[in-house]
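Secondary and tertiary structure notes
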Amino acid sequence: MSSDICEKLSQQGLRRTRVRHALHAVLEQAKQPLSVPELLQVFAKKDLPVNKTTIYRELEVYKKNDLVLELQFGEDQKRYELKQEHHHHFICTQCGKVIDVLPKVDLHKEEERLAKKHRIHIQQHSLEFFGLCAKCK
């Protein structure tokens, strides 16, 4: 677990537990955002017995401490990834593959322009692209 995350959790009075360490490692190594069932599969493959309730509880701790993003790509389930450089996603509608996308357009400036024009305060935005990946095309 990175020292930044350890420090942030310890500032909240939270210990570095085996499950927190494992959850961080799995999310850090993931190539795409993971759902709770996918997280449980990874833990099972690593022979780490963790129940679903514990995963949800730990994800809530991570969300509360602004360490993880909760994403929903038009599915019934939510997906999670560690907070990192702001980016968006391409989701293959056939196989479900998720690819990180970094648009060349400065969306922060666009948010500022919209906020000023409409006299609003934008707290966050979501931009996903849906289609077929190279394999499914």
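Only a predicted model underlies this, so the values are computations on that prediction, with no experimental measurement involved.

**Brief notes about the overall build of the protein**
Looking only at helices and strands, the protein features five helices and six strands. In sequence order, the protein lays out its α and β elements as α-α-β-α-α-β-β-β-β-α-β. If you line up the protein on its principal axes, its C-alpha atoms span 50 × 40 × 25 Å. Residue pairs in contact within the protein that sit at least 24 positions apart in sequence constitute 48% of those at least 6 positions apart. Carbon and sulfur atoms make up 50% of the accessible area of the protein, which amounts to about 9,600 Å² in all. When the 24 positive and 19 negative side-chain charges of the protein are each reduced to one mean point, those points stand 2 Å apart.

**Remarks on the sheet that holds strand 2 (residues 68–71)**
A sheet is described by the order of its strands in space; here three strands give the open sequence 1-3-2, paired in antiparallel fashion. Each edge of the open sheet carries a strand with a single partner, namely strand 1 (34–35) and strand 2. Bridge count for strand 1 against strand 3 (residues 79–82) is two bridges, and the pairing is antiparallel. Its bridge partner lying in strand 3, S35 is registered against R79. Across the face of the sheet, helix 2 (residues 18–29) comes into contact with strand 1, strand 2 and strand 3 while running at roughly 90° to strand 3. Its contacts with the sheet put helix 4 (residues 52–64) on strand 2 and strand 3, and the angle it makes with strand 2 is roughly 110°.

**What to know about the sheet that holds strand 5 (residues 98–101)**
The strand order across the open sheet formed by three strands is 5-4-6, and the pairing between neighbours is mixed. What marks the edges here is a single partner per strand, and that holds for strand 5 and strand 6 (128–131). Each strand of the sheet is rotated relative to its neighbour by a mean of 20°, with strand direction disregarded. Bridge count for strand 4 (residues 88–92) against strand 6 is four bridges, and the pairing is parallel. Of the residues in strand 6, the one forming a bridge with F90 is F129.

How each quantity is defined
- Residues numbered from 1 in each chain as written.
- Predicted model: local features only at pLDDT ≥ 70, side-chain atom pairs only at ≥ 80, totals over all residues.
- Heavy atoms only, no water.
- Helix = DSSP H or I, 4+ residues; strand = E, 2+ residues; numbered from the N terminus.
- Contact = heavy atoms within 4.5 Å.
- Areas by Shrake-Rupley, 256 points an atom, 1.4 Å probe, with all protein chains shown as cover.
- Lys, Arg positive; Asp, Glu negative; His and termini not counted.
- Charge placed at Lys NZ, Arg CZ, Asp CG, Glu CD.
- Pairing = 2+ DSSP bridges.
- Axes fitted to C-alpha atoms, helices over the stretch in contact; angles between N-to-C directions.

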